[in-house]
Amino acid sequence: CSLFQDARGEECPQDTEKNESSKVEEITHNQDQILKQSVVLLADDYPLNRKVGAIHLQKLGCKIEFAENGQMAIDMFQKNHYDLILMDVQMPVMDGLTATKKIRNLPKGKEIPIIAITALAYEDEIKVFKESGMDDVVTKPFKKKKFTDTIISWLIHRKKG
């Protein structure tokens, strides 16, 4: 654009493109910052699932802590701050459904997003998970895009809200 157009207050097409581009970068940067500040509790009894989940979460920049059963998840939730819990449905000592119900009855327990991780993802099971207080479901084996999209969605929504 010429100086004459700028002086009249008209927007140059190139300037509009630059402004839109910087808005996209800003949103991406903000999301990146939110993810890097997020702490996720991954509760799963199977070491391979913890490892695969951790790989995906680390690529997002999240900090991760692990629980091997539902009771451990409850104990850790009571002592620490988490931005999201990934809860395996079937675990020894205490299953994920029972642990979720107990967490929901604790202070701040209604605020934390809890996502079921399970191989069982039929409509009937998903209904049971949601009735127990789980907010969403990610199926195993983890599909990277679905897993990361779900995590990003819950963490970004929670931090912005």
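Residues numbered from 1 in each chain as written. Predicted model: local features only at pLDDT ≥ 70, side-chain atom pairs only at ≥ 80, totals over all residues. Heavy atoms only, no water.

With respect to the confidence of the model for the chain
Thinking step 1. For the chain, the mean per-residue pLDDT works out to 85, and 81% of the residues sit at or above 70.
Thinking step 2. Contacts for the low-pLDDT stretch residues 1-27, under 50 throughout, to residues beyond four places or in other chains number 9 contacts. (pLDDT = per-residue confidence, 0-100. Contact = heavy atoms within 4.5 Å.)

As for the environment of Q33
Thinking step 1. With respect to the helices, strands and loops of the structure, Q33 is situated in helix α2 (residues 13-36).
Thinking step 2. Taking the C-alpha atoms as reference points, Q33 and C62, separated by 29 residues in sequence, lie 9.7 Å from one another. (Helix = DSSP H or I, 4+ residues; strand = E, 2+ residues; numbered from the N terminus.)

Notes on the packing of aromatic side chains
Thinking step 1. Scanning the entire structure with this criterion turns up 1 aromatic pair.
Thinking step 2. Ring geometry for F142 against F147: centres 4.7 Å apart, planes inclined by 50 degrees, an arrangement best described as tilted. Summarising the burial analysis for this pair, F142 and F147 share the class buried. (Phe/Tyr/Trp six-rings, centres within 6.5 Å; stacked < 30°, edge-to-face > 60°. Buried < 20%, exposed > 50% of the residue type's maximum accessible area, 1.4 Å probe, protein only.)

A look at unusual backbone geometry
Thinking step 1. Cis geometry marks the peptide bond from K140 to P141, where omega comes out at 0 degrees.
Thinking step 2. Tracing the chain through its elements places P141 in the loop between β5 (136-139) and α7 (144-160).
Thinking step 3. With phi around 65 degrees, V93 is a residue other than glycine that occupies positive phi space.
Thinking step 4. Tracing the backbone through its elements, the reader meets V93 in the loop between β3 (84-88) and α5 (96-104).
Thinking step 5. What makes V93 exposed here is its relative accessible area of 71%.
Thinking step 6. One non-glycine residue with positive phi stands out, namely K108, at about 70 degrees.
Thinking step 7. Mapped onto the secondary structure, K108 falls in the loop between α5 and β4 (114-118).

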